[in-house]
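Working through the structure, step by step
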Amino acid sequence: MSEKLEEQWTDEKIIDAALVSVIEDRAILDVGANLSQEQFMSLKALWLLGETKRAYLREQGLLDFIPQGVFDNKDWPSMAKGLKSQDDVFLRKWRQDSLVAIKKLRFETISELKEKGILLVDEEKIREVFSMASKANLIYVDSETSGLNYREPIAIGISMKVNDRSCYIPWGHQDYVYPDEMILGSGLSVEELKLTNIGEEPKQQADADLIKELWPDLVAKVGAEKWRFFNKPFDRSVLGATLGGTIDWNDDSYDVHHLAALFVERESRKLKDLGEKYIENDAKDEQSALKAYSYDIANSGHLKVPPYIEAPYAAKDCELTEAVDKVFYALAQTEQQLEPLKIETRLMELLWKIETRGLLIDVEYVKEQIAKSEKVVSQLEKEFVISSEQSVDIFSEESLKKLLYETWKLPVGRKTDKGEPAVDTWALERLRYDNPEWAPELKNLEEISSLNTMTRKFYAPLLENVKEDNYIFTRYNQMPKSGNISNMQTNIFQVSEEHAKEALRAFVVPEKKAWLIFDYSQIEMRILASYSRDERMVDVFARGGDLHQQTADLMKIDREVAKNLNYAMAYGWGLPQLARTAGITEEDARELKSFHRDAYPKAREFFKTAENKSAARGWVHTLSGKRRRFNDKFHKAAGLLVQGSSSDIFRKSLLEVDACLTKEFARDAELIAFSDGELIVEVEKGLEKRVAVAVAQTMKTIYSPPLVVPLGVDISLCRKNWVEREPFHREVLVAKPEPQEVEINEDSVELV
């Protein structure tokens, strides 16, 4: 970059002007002339971010200078009247960060990229790469698409790493947005960058029909085990839909992201971050630069990025995927993680199958609930202002933080992952418990937060994603940091328990169908009994009894308190959490924990053994052999082991139940969803009992052995919706077992 351009980068006004000149539609800019360029840029940039991101920014208190509802109005001159004059530091920094990132892009001419074989557009060279791929041991592949919506994007290019060659083959980029020379600092003239201004544009893309001819043939020739993707479900689907020829699922054709997740539990698993930490390259800066260009300049994802700008980074993704794969596959071999990897690979296929199956929702009910919630929130907001004598934006996290921790001077309890004071529903509940003098005001805020969360994170996504036939197709996060599979779009368990039932009514049973819901009974407690081999615990399950009731009887307390106590001991809860959850004092909580240790002495020994072993080696392994790692909080090792093993049982039950249904009932009974430990099977009416028996028996045999106590399964029947359930003759289907003599031998679970 020239010295002159370097100087320009230090001038904030020139940076802002440059960004405006690239993004803004000149006609719109003229119409909105009563705005300053900076104000207009801020407003339009936020509008382009979309509703979800704006909601997040408003929660952070970063949009206080723009009134609610202004983005519903597309009349830009009218919008100007709603702007306040105060400056917005966040937006200024956001624009500057984008430009600084873009400055790091490496720009080469189209001819240079073609000569290096990075940008492939000519038929002869493309056929050469496809021929090499058909004979390769492994092929690393990544797709570039028109968007990130899981079900609707179209592939516009494909990058491949074959042997020592990486390249990008584009065919679907369109309406290119070329960057301004000043932003890029490439040394090229504006005319050279804006190629359409100097006559016929050099060829930047391949013939789509050629790729549609070659791809299905390559897929047919190459075994599924030879393909490697960083995000296989997405890339496999979009390439198959766009080009024809869909790669088969295969136990050995794993997903590199899921491989890395076996070892990277709490940190970012994005490709750029894995590359920066484990491969020690500049992937993070490069990918941030391309993202800044794609979204902040082209405003289109990858669709409008010129192929010659995309090519080096698309090719780099495949190189990085290969490098990450080699690092973590070697670890998987060393640490005996290949079997857990195979389970995750099989599960990846099943989740995709469930995601494409969909669930029927009652759209009118959802709309009614949104209107009802908004009405209640509006009333609660008015009551809060009157009772607290505070006028505050309760939908702004920053405003709430100031109110709670500065104005009211409440002690900070729960914190976010970033160490900031939390103000979500759970944090408000804890504050209410710890500060009874503020209970009425906090209860009001808690209710508002809960209803707002239900609308924003549950009902609204349902309406945004529902199809014309009223079916919703969700996405599951297979390996989140919590360890349990989670729903990424419509997670009912982001909703408070108080509102969950009314939310679940949105899911309805189709005509001529019924739903069977299967739920393991006290699964964590059964795992704890198997690991600890505590006689009292093992005996109660061998007799078909209830551990929570046994604990209640032993300690002369309510069953609900006993249940919370059992979980508190298993998961390593502290006294405040047990007291708050069970609704008792901390002194009572301390006394109950002491009684529990005496009542179940081998469980107490198990907790200590797990803590000592985890402190010595930094991990425990679950039933499947998967390692759960941590660097501190070793007193929670037993809880991590129990929860991880519970997740193992649930994951394996999904696979085994699906196999059972496919074999025994074909399409007359299908696994259609799961949530928080429940499996939902949709069946043809008349088959309920046969399916219930088959599924329950399958679920009861998971990991038995090595578990030393029987697994119990509760079954419910739904005829209308997810909420209205009836017990399904449990005494007939899963008969109460006779008391058993439990044999504990070398095949039983052991903490090793």
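Residues numbered from 1 in each chain as written. Predicted model: local features only at pLDDT ≥ 70, side-chain atom pairs only at ≥ 80, totals over all residues. Heavy atoms only, no water.

Our next topic: the overall build of the chain. Along its length, the chain carries 33 helices and 15 strands. Looking at the chain as a whole, 53% of its 752 residues qualify as buried. If you take every contact in the chain between residues at least 6 apart in sequence, the share linking residues at least 24 apart comes to 69%. Only carbon and sulfur atoms are counted for the fraction: they give 47% of the accessible area of the chain, which is about 35,000 Å². (Helix = DSSP H or I, 4+ residues; strand = E, 2+ residues; numbered from the N terminus. Buried < 20%, exposed > 50% of the residue type's maximum accessible area, 1.4 Å probe, protein only. Contact = heavy atoms within 4.5 Å. Areas by Shrake-Rupley, 256 points an atom, 1.4 Å probe, with all protein chains shown as cover.)

A few words on helix α30 (residues 601-617). Counted at 1.5 Å a residue, the expected span for α30 with its 17 residues is 24 Å, and the 25 Å between its end C-alpha atoms agrees. All of the buried residues in α30 are Ala603, Phe606, Phe607, Ala610 and Ser614. Down the axis, α30 shows its buried residues gathered within 100 degrees of arc, on one side only. On the buried face of α30, the contacting elements are α24 (523-532), α25 (535-542), α27 (559-571), β10 (619-621) and α31 (637-665). (Expected span 1.5 Å × (residues − 1). Arc of directions from axis to C-beta.)

Below, the discussion takes up the state of the cysteines. Applying the stated criterion across every chain, the model contains 0 disulfides. Note on Cys318: no disulfide assigned, nearest cysteine sulfur contributed by Cys167 at a separation of 8.1 Å. (Disulfide = S-S within 2.5 Å.)

A few words on the pattern of salt bridges. Taken as a whole and assessed by the stated rule, the structure comprises 29 salt bridges. When the shortest N-O distance is used, the salt bridge between Glu322 and Lys326 registers 3.7 Å. Of this pair, Glu322 and Lys326 both sit in helix α17 (residues 307-334), 4 residues apart, which is roughly one turn of that helix. A residue is classified by how much of its surface remains accessible, and Glu322, at 15% relative accessible area, is buried. (Salt bridge = Lys/Arg side-chain N within 4 Å of Asp/Glu carboxyl O.)

Of note, Lys409 is a non-glycine position whose phi angle comes to about 55 degrees, a positive value. For Lys409, the position within the fold is in the loop between α20 (397-407) and α21 (425-434). Within the chain, Lys512 stands out as a residue other than glycine whose phi angle is a positive 65 degrees. Mapped onto the fold, Lys512 is located in the loop between α23 (497-504) and β9 (513-521).

For the pair α27 and helix α28 (residues 575-582), interaxial distance at closest approach is 9 Å and the crossing angle is 155 degrees. By the angle between their axes, α27 is roughly antiparallel relative to α28. In the packing of α27 onto α28, the handedness of the crossing is right-handed. Contacts between α27 and α28 involve Val561, Asn564, Leu565 and Ala568 from the first element and Leu578, Thr581 and Ala582 from the second. For the contact of α27 with α28, the per-class residue count stands at 5 nonpolar, 2 polar and no charged. (Axes fitted to C-alpha atoms, helices over the stretch in contact; angles between N-to-C directions. Parallel < 35°, antiparallel > 145°, perpendicular 65-115°, else oblique. Left-handed = near helix turned anticlockwise from the far one by under 90°. Nonpolar A, V, L, I, M, F, W, Y, C, P; charged D, E, K, R; others polar.)

Glancing now at the environment of Asp207. Positionally, Asp207 belongs in the loop between α11 (190-193) and α12 (208-221). A sequence separation of 84 residues divides Asp207 from Glu123, and the C-alpha atoms of the two residues are 8.0 Å apart. Looking at Asp207, its side chain comes within polar contact range of the main-chain nitrogen of Asp209, at 3.1 Å. (Polar contact = N/O pair within 3.5 Å; in protein donor to acceptor, adjacent residues only side chain to side chain.)

For the rest of this paragraph, the subject is the packing of helix α9 (residues 123-135) against α12. The N-to-C vectors of α9 and α12 enclose an angle of 10 degrees; their axes lie 10 Å apart at closest approach. Comparing the axis directions of α9 and α12 gives the class roughly parallel. Contact residues: α9 offers Glu123, Ile126, Arg127, Phe130, Ala133 and Ser134, while α12 offers Leu210, Ile211, Glu213, Leu214, Trp215, Leu218 and Lys221.

Function cannot be inferred from these measures alone, as they are strictly geometric.
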